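# Per-entry structural report
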Amino acid sequence: MELILKVLPWAQIILSVLLVGAILLQRSSADTGGALGGGEGISSVYHTKRGLEKVLFNATILIALLFAASAFAVLIVK
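Residues numbered from 1 in each chain as written. Predicted model: local features only at pLDDT ≥ 70, side-chain atom pairs only at ≥ 80, totals over all residues. Heavy atoms only, no water.

## Notes on the packing of aromatic side chains
Rule in force here: Two rings from Phe, Tyr or Trp (for Trp, the six-membered ring) form a pair when their centres sit within 6.5 Å of each other. Planes less than 30 degrees apart are called stacked, planes more than 60 degrees apart edge-to-face, and all others tilted. Only Lys NZ and Arg CZ are tested; either one counts as a charge over a ring when it is within 6 Å of the ring centre and within 35 degrees of the ring normal.
Taken as a whole and judged by the stated rule, the model has zero aromatic pairs. It is K49 that lies over the ring of F57; its NZ or CZ is 4.8 Å from the centre.

## Quick word on helix α1 (residues 2–25)
So the rule is basically this: Where helices and strands are cited, they refer to DSSP runs of H or I of at least four residues and of E of at least two residues respectively, numbered from the N terminus. For a helix, the expected span equals 1.5 Å multiplied by the residue count minus one. For every residue, the accessible area obtained with a 1.4 Å probe (protein chains only) is divided by the maximum for its type, and the residue is called buried under 20%, exposed over 50%, and partly exposed between those limits. Residue contacts are defined here by distance: any two heavy atoms, one from each residue, within 4.5 Å place the two residues in contact.
With 24 residues, α1 ought to run about 34 Å at 1.5 Å a step, and its terminal C-alpha atoms sit 36 Å apart, in line with that. What α1 keeps buried is the set L8, L15, L19 and A22. Structurally, α1 contributes buried residues whose contacts are with α3 (52–77).

## A look at the packing of α1 against α3
Which entries qualify depends on this criterion: Axis definition: a line fitted to C-alpha atoms, limited for helices to the stretch in contact. Angles are taken between N-to-C directions and run from 0 to 180 degrees. By definition in this entry, angles of less than 35 degrees are roughly parallel, angles greater than 145 are roughly antiparallel, angles of 65 to 115 are roughly perpendicular, and the rest are oblique. Left-handed is the label given to a crossing in which the near helix is rotated counterclockwise from the far helix by less than a right angle, and right-handed is the label when the rotation is clockwise. Only Asp, Glu, Lys and Arg are considered charged, only Ala, Val, Leu, Ile, Met, Phe, Trp, Tyr, Cys and Pro nonpolar, and every remaining residue, Gly among them, polar.
It is the contact of α1 with α3, at a shortest axis distance of 9 Å, that shows an interaxial angle of 155 degrees. By the criterion of interaxial angle, the relationship of α1 to α3 is roughly antiparallel. For the pair α1 and α3, the crossing hand works out as left-handed. Here I4, L5, L8, Q12, L15, S16, L18, L19, A22, I23 and L25 of α1 lie close against α3, whose contacting residues are L56, T60, I63, A64, L66, F67, S70, A71, A73, V74 and V77. Residue classes in the contact of α1 with α3 are distributed as 18 nonpolar, four polar and no charged.

## Here we look at the side chain of S70
Tracing the sequence through the fold places S70 in helix α3. The contacts of S70, once residues within four sequence positions are left out, are L8, Q12 and L15.

## Digging into the pattern of salt bridges
This is how it is decided: Think of a salt bridge as a Lys or Arg side-chain nitrogen and an Asp or Glu carboxyl oxygen that are within 4 Å of each other.
Throughout the structure, instances matching the rule amount to one salt bridge. The salt bridge partner of E2 is K6, with a shortest N-O separation of 3.7 Å. Of the two residues, E2 and K6 are both situated in helix α1; the distance of four residues between them amounts to about one turn of the helix.

So far we have only geometry, and geometry alone does not tell us how the molecule works.
Structure, rendered in structure tokens:
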């Protein structure tokens, strides 16, 4: 039990850094010219994720779930 209390804060720090990095690496609408007035057509609304973009999207969801689970674990353990 004491080991868990020592490991969980470090796990949360690592997960939070990974989550911020994964969110910042994702493509935004400004990347496609939305900041300059472009990218407002139908093609910018409907976008299929493929390849690395899909992997990064799914990894972001997984990291967020792990972070939430670690936060609940801290509440339960204490």
